[in-house]
Amino acid sequence: MDNPYLADITRGIFKENPIFRLVLGMCPTLAITVLIKNGLGMGLAVIAVLTCSNVVVSSLRRYIPEQVRIPCYIVIIATFVTIIEMVLQAYVPALYAALGVFVPLIVVNCIILGRAEAFAGKQPVLRSLCDGIGSGVGFTLGLLLLSVVREIFGSGTFLAETNYAVQLFGPNFEPMRIFAQPAGAFIVLGLLLALTNIVFKRLQID
Amino acid sequence: MNGKLVISSSPHLRTIQSVQSVMLDVLIALGPVAAVAIFLFGYRALITMSVAVFAAMLTEALWLRQLNIFGDGSAAVTGLLLAMTLPPDVVWWIPAIGSVVAIIVGKQVFGGVGNNIFNPALVGRAVLLTSWGAHLVGPIWPVPKPFHFMADISAVSGATPLAGEAEALGISLNQLLIGNFAGCLGETSALALLLGGFWLLYKGHIDWRIPGGFIGTVWLMGTLFGGGFYENSVSTGLFHVLAGGVLLGALFMATDMVTSPVTPWGKLIFGVGCGLITMLIRLFGTYPEGVTFAILTMNALTPLLDKFTIPRKFGEVKQVA
């Protein structure tokens, strides 16, 4: 992989996937992946915030003093989270209600601060943009994987609460409710971590 | 002497005991319990137990890719123990899914037999309980019909002693001892459970400290805080020991050698902890029964207990801090 921009994107998706490789941002990962709709919504919100904050942090990296860089990053991130929060509230109030406190909590999401600290604070703007997109997409894919498993087993539906909702099993189906509960989130995450480790090992990505 | 000089590192003393022989002993110990369950609840009990055992053995054989379906016997024990914690008339797919979860999530993901942190059968039950609670702890339980193998037990139903006030149900301590009351397969007959427990004690597979601490604490808590709704408070304590899953849990599940401490004091603390959590859930919690969560919680503390209760070696001087 010679192209550094392409490498920045794919690294966030595979080699340094926020959920399965870095195990960052576990709070929203475990909490909101009950339905695919919530997982996708959270993922898109994080992509938007992460990309914007990476670009701004990177472009200001020469002007931010080393000693107070964390507060500066937080101010930048919080600005974009507030924008996203207002957009969600205005255009998709149902999703906003479902995600609840986890939208404002994107401010303290480890992935976003982690990318600002580890990458955007030192790298040029365009590469930081690619890194933000890559990590955001990687996070979103992880959320989707988790929420697909949890929704199918925990509710017996696919894409519930959307226009494409499908009832997968018959009316007599009794969903395995533990998957919709926090305990089930931990079990699914653990099993998926193990599974991705096996797959990555086989494909020798790591 | 065949003239060969064997040079090898220790251990030099060997035992004929193996994982398989221990598991066979546990299966033998569960024999009376299973027999009483079939005697009381008829063919439904037999179906539940068979499905659970077969599903557990099949899952393990498939996971390990081995042709011998019995293997080391640990899967059969897990399946049977899981079945013991289920109601007699449960739908057939409940024990099946429970066994699959118990073997995969409870045991194999940790590396198989001997490496699991939590008791597999209880992991299976906990998942079932949180997923399909209505099937497991419904307010209506089948009442046993002894001597009627083909009886339709679901036709007559009552409440378990723990759920309802035992006084109102008119269940005497004698009845609890024999097991002629509504409840899960393996928790009704105290006598059969004690018989199996003594067999395991005699064979040296379990230590008295865990069941002793467990049962003792439950009795003490029941006597002190049980409200004394029986004839007197001591019998109320006994009621808490005999009703529900305390004996099954204390003798067969808390004593699981993989998931319980190895040090003497660790075992005692483990047992007392199980009893305390069980009674806290029973007396002050929302669930009528707390044995499952009590043992699982203490399982998680096992490495810590082992670490803090290492016995002092002979001659070792206590370190001054």
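Here, every reference points to the structure presented above.
Residues numbered from 1 in each chain as written. Chains lettered and ligands numbered in written order. Predicted model: local features only at pLDDT ≥ 70, side-chain atom pairs only at ≥ 80, totals over all residues. Heavy atoms only, no water.

**Digging into the overall build of chain B**
A tally of regular secondary structure across chain B gives 14 helices and 2 strands. Taking all 321 residues of chain B together, the buried fraction comes to 52%. Considering only residue pairs separated by 6 or more positions, chain B has 70% of its internal contacts joining residues 24 or more positions apart. Surface accessibility of chain B: about 15400 Å² in total, with carbon and sulfur atoms responsible for 68%. (Helix = DSSP H or I, 4+ residues; strand = E, 2+ residues; numbered from the N terminus. Buried < 20%, exposed > 50% of the residue type's maximum accessible area, 1.4 Å probe, protein only. Contact = heavy atoms within 4.5 Å. Areas by Shrake-Rupley, 256 points an atom, 1.4 Å probe, with all protein chains shown as cover.)

**Things to note about the nonpolar core**
With 111 residues, the main nonpolar core has Met42(A), Met49(B), Met84(B), Phe214(B) and Phe252(B) as its most contacted residues. Ranked by residues supplied to this core, first place goes to helix α1 (residues 19-41) of chain B with 9 residues. Setting aside anything within four residues of it in sequence, one finds Met84(B) in contact with Leu30(B), Val33(B), Ala34(B), Met49(B), Cys184(B), Leu185(B), Gly186(B), Glu187(B) and Leu248(B). (Core = buried A, V, L, I, M, F, W, Y, C linked by side-chain atoms within 4.5 Å.)

**Observations concerning the interface of chain A and chain B**
Residue-level contacts link 8 residues of chain A with 11 residues of chain B. Summed over both partners, the interface of chain A with chain B comes to about 760 Å²; 61% of that surface belongs to carbon and sulfur atoms. At the junction of chain A with chain B, the criterion picks out 0 salt bridges. For the side of chain A that touches chain B, a count of residues per class yields 5 nonpolar, 1 polar and 2 charged. (Buried area = accessible area lost by both parts, 1.4 Å probe. Salt bridge = Lys/Arg side-chain N within 4 Å of Asp/Glu carboxyl O. Nonpolar A, V, L, I, M, F, W, Y, C, P; charged D, E, K, R; others polar.)

**Things to note about the packing of helix α9 (residues 190-203) of chain B against helix α12 (residues 246-253) of chain B**
Residues and elements named next belong to chain B. In contact at an axis separation of 10 Å, α9 and α12 are set at 15° when each is read in the N-to-C sense. Compared by their axis directions, α9 and α12 come out roughly parallel. In terms of crossing hand, the pair formed by α9 and α12 is left-handed. Of α12, the residues touching α9 (which contributes Ala190, Leu193, Leu194, Gly196, Gly197 and Leu200) are Leu247, Leu248, Leu251 and Phe252. Grouping the constituent residues of the contact of α9 with α12 by class yields 8 nonpolar, 2 polar and no charged. (Axes fitted to C-alpha atoms, helices over the stretch in contact; angles between N-to-C directions. Parallel < 35°, antiparallel > 145°, perpendicular 65-115°, else oblique. Left-handed = near helix turned anticlockwise from the far one by under 90°.)

**Remarks on the packing of aromatic side chains**
All names here are of chain B. For the coordinates displayed, the defined rule picks out 3 aromatic pairs over all chains. Measuring from centroid to centroid gives 5.2 Å for tryptophan 93 and tryptophan 132, while their planes differ by 75°, and the two rings are edge-to-face. Placement of tryptophan 93 in helix α4 (residues 93-104) and of tryptophan 132 in the loop between α5 (120-131) and α6 (133-136) is noted, with a sequence separation of 39 residues between them. Residue class for tryptophan 132 comes out buried when judged on its relative accessible area of 5%. (Phe/Tyr/Trp six-rings, centres within 6.5 Å; stacked < 30°, edge-to-face > 60°.)

**Looking at the pattern of salt bridges**
Residues and elements named next belong to chain A. One pass over the full model with this rule turns up 11 salt bridges over all chains. In this structure, arginine 69 engages glutamate 117 in a salt bridge whose closest nitrogen and oxygen atoms are separated by 2.7 Å. Taken together, the positions of arginine 69 in helix α4 (residues 69-91) and glutamate 117 in helix α6 (residues 110-120) put the pair 48 residues apart, joining distant regions of the chain. Assessed through its relative accessible area of 24%, arginine 69 is described here as partly exposed. Taken together, the shared-partner salt bridges connect Asp8, Arg11, Glu16, Arg115, Arg127 and Asp131 into one network.

**Structural notes on the packing of helix α3 (residues 36-59) of chain A against α6(A)**
Residues and elements named next belong to chain A. The geometry of α3 relative to α6 is characterised by a closest axis approach of 10 Å and an angle of 30° between their N-to-C directions. The angle between the axes of α3 and α6 places the two elements in the roughly parallel class. Where α3 crosses over α6, the handedness of that crossing is right-handed. Contacts between α3 and α6 involve Val46, Val49, Leu50, Ser53, Asn54, Val57 and Ser58 from the former and Ile111, Ile112, Arg115, Ala116 and Ala120 from the latter.

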